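Coordinate analysis (summary)
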Amino acid sequence: MEGKAVVIGSLNYDIILKTDRMPYKGETHQAKSAEFCCGGKGGNQAVQCARLGIKTYMAGNVGMDVNGLKLLEGLQKYGVDTEFVKRRNGSSGMGVVHTLPDGSVYASITRGANYSMGTEDIDGIRCLLDEHTVVILQMEIPEEVIRYAIETAAKAGCTILFNMAPAAKIHKRYMKLCGYLIMNEVEAEFYTGEAIDSVEKAEEALKRFAGEMGNVCIFTLGSLGAVACKGERLCYKGSYPVAAVETTGAGDSFVGGLAYGILNHMELEDMLDLATCCSALTVQDTGAQDSMPDIGQVLDFRNKWLK
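What counts, and at which threshold
- Residues numbered from 1 in each chain as written.
- Predicted model: local features only at pLDDT ≥ 70, side-chain atom pairs only at ≥ 80, totals over all residues.
- Heavy atoms only, no water.
- UniProt positions renumbered as here; feature names shortened; annotations may be inferred.
- Pairing = 2+ DSSP bridges.
- Helix = DSSP H or I, 4+ residues; strand = E, 2+ residues; numbered from the N terminus.
- Axes fitted to C-alpha atoms, helices over the stretch in contact; angles between N-to-C directions.
- Contact = heavy atoms within 4.5 Å.
- 1 Å grid on protein atoms, 1.4 Å probe; cavity = no way out; pocket = protein on both sides within 12 Å on 5 of 7 lines; lining within 4 Å.
- Points joined across faces, edges and corners; volume = space filled by probe spheres on them.
- Nonpolar A, V, L, I, M, F, W, Y, C, P; charged D, E, K, R; others polar.
- Left-handed = near helix turned anticlockwise from the far one by under 90°.
- Phe/Tyr/Trp six-rings, centres within 6.5 Å; stacked < 30°, edge-to-face > 60°.
- Buried < 20%, exposed > 50% of the residue type's maximum accessible area, 1.4 Å probe, protein only.
- Core = buried A, V, L, I, M, F, W, Y, C linked by side-chain atoms within 4.5 Å.

As annotated in an unreviewed UniProt entry, the protein chain carries the name Ribokinase and comes from Enterocloster citroniae. What UniProt states about the protein chain under its Function (unreviewed entry) heading is, verbatim, "Catalyzes the phosphorylation of ribose at O-5 in a reaction requiring ATP and magnesium. The resulting D-ribose-5-phosphate can then be used either for sythesis of nucleotides, histidine, and tryptophan, or as a component of the pentose phosphate pathway." Looking at the Catalytic activity (unreviewed entry) heading of the UniProt record, one finds this comment for the protein chain: "D-ribose + ATP = D-ribose 5-phosphate + ADP + H(+)".

Shown next, in the form of structure tokens:
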């Protein structure tokens, strides 16, 4: 595989609470169990890229706490290059995730060291940026860093894959500099101003949005699958019927699959299918990074369904 992935983004240490329901206001509800794992959209996406055999670099910040060490070790365990992950004073980002029996999740995060990132951190990775690089971004670091990273990567000739999550305002000119924009149905409603509650509505809104942006736009729709638009061409991929244990990291796994497809020059339909396979495998276990599949598992799963 030619090329590499550079993930610029968040690193959070996650507490995952398995519970039968969300607590009511004022109630102390007893969760069934608690698990601890490495997360953050940036870290998750970097791990999925590395698991798929992509040479992957992570750029981000962790704190000086023990969780910062755990986050670094988690990335390194899966082969992510952490040379550009910096340790800063204070605490690392953290996520608290409630996961329900149907696999749905409710999550809250703290910014921590993620928001100590500055434009100087982007200058520090210029040596990695060229036309053979996929740069992956999310929105869990300061907006000014995201804007600067997009401009810097675009000037270097990188392909920019922007996962616009969690939804937040950013000027359209930065969206238009990206090769790929990815968002789930909630984020798609935020950016398009339209209700995205069916595949048909998603396709209608996506075609208008992609036409305005002038790039490849992808809406992920949970159990309904995903839809992509490139120019006038729409591409839909339904989800695979698997039993979801927990959906944490499913979107991040999808993004890693897209990066693999881009670096391997796959057609949009094949890229969408492979990314959907990644998500389907990830949701069948607990903890985003530990659940993410390697490329052998993805291809075996895909071949099984093609038969």
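Moving on to the sheet that holds strand E1 (residues 4-8). With respect to topology, nine strands assemble into an open sheet ordered E5-E4-E1-E8-E9-E10-E11-E12-E13, the strand pairing being mixed. Every interior strand has two partners, whereas the edge strands, strand E5 (81-88) and strand E13 (233-237), have only one. Strand after strand, the sheet turns through a mean of 15° between neighbouring axes, direction not considered. Both strand E9 (residues 159-163) and strand E10 (residues 180-184) contribute to a ladder of three bridges, which runs parallel. Bridged to Leu161 within E10 is Tyr180. Along the sheet, helix H8 (residues 250-263) contacts E1, strand E8 (133-137), E9, E10, strand E11 (216-220) and strand E12 (226-230); its crossing angle with E9, the most-contacted strand, is approximately 165°.

Attention now moves to the layout of surface pockets. As a volume, the largest pocket reaches approximately 1400 Å³. At the level of secondary structure, the elements contributing two or more residues to the lining of the largest pocket comprise strand E2 (12-18), helix H1 (41-51), strand E6 (93-99), strand E7 (105-110), E10, helix H6 (185-192), H8 and helix H9 (268-282). Residues that form the lining of the largest pocket fall into these classes: 21 nonpolar, 20 polar and seven charged.

Before going further, it helps to spend a moment on the sheet that holds E2. Taken together, four strands build an open sheet; the order of strands is E3-E2-E6-E7 and the sheet is mixed. At either margin of the open sheet sits one strand with a lone partner, and together these are strand E3 (33-39) and E7. On average, adjacent strands in this sheet sit at an angle of 20° to one another, irrespective of strand direction. Of the strand pairs in this sheet, E2 and E6 are connected by seven bridges, and their pairing is parallel. Its bridge partner lying in E6, Asn12 is registered against Gly93.

Here the focus is the packing of H8 against H9. A pair of packed helices is captured by two measures, namely the crossing angle of their axes and the spacing between those axes. Axis separation between H8 and H9 bottoms out at 7 Å; the angle between their running directions is 145°. Our pair here, H8 against H9, has a crossing hand that is right-handed. Contact with H8, carried on its side by Ala250, Ser253, Phe254, Gly257, Leu258, Tyr260, Gly261 and Ile262, involves Met271, Leu272, Leu274, Ala275, Thr276, Cys278, Ser279 and Thr282 of H9 and no other residues of that element. Its residues assigned to classes, the contact of H8 with H9 comprises 10 nonpolar, six polar and no charged.

What follows deals with the packing of aromatic side chains. Counted by the stated rule, this structure contains six aromatic pairs. Ring centres of Phe301 and Trp305 lie 6.2 Å apart, and the angle between their planes is 55°; on these two criteria the pair is classed as tilted. Of the two residues, Phe301 and Trp305 are both situated in helix H11 (residues 295-306); the distance of four residues between them amounts to about one turn of the helix. By relative accessible area, which is 8% here, Phe301 ends up buried.

To continue, consider the nonpolar core. The biggest cluster of nonpolar side chains holds 50 residues, and the ones touching the most others in it are Ile136 and Leu161. Residue contributions to this core peak at nine residues, all from H9. When neighbours within four sequence positions are excluded, Leu161 is seen to be in contact with Val134, Val135, Ile136, Leu137, Tyr180, Ile182, Val255, Leu258, Ala259 and Ile262. With 44 residues, the next largest nonpolar core counts Ile122, Ile146, Cys158 and Cys229 among its residues.

It is worth spelling out the UniProt feature "binding site: substrate" (unreviewed entry) in the protein chain at this point. Those residues carrying the UniProt feature "binding site: substrate" (unreviewed entry) are Asn12, Tyr13, Asp14, Gly40, Lys41, Gly42, Gly43, Asn44, Glu140 and Asp252 in this numbering. The annotated residues contributing to the lining of the largest pocket are Asn12, Asp14, Gly40, Lys41, Asn44, Glu140 and Asp252. With respect to the helices and strands, Asp14 occurs in strand E2. In this structure Asp14 comes out as buried when scored by relative accessible area, which is 6%. In this structure, Asp14 is in contact with Glu35, Phe36, Cys37, Cys38, Gly39, Gly40 and Gly95, ignoring residues within four places of it in sequence.

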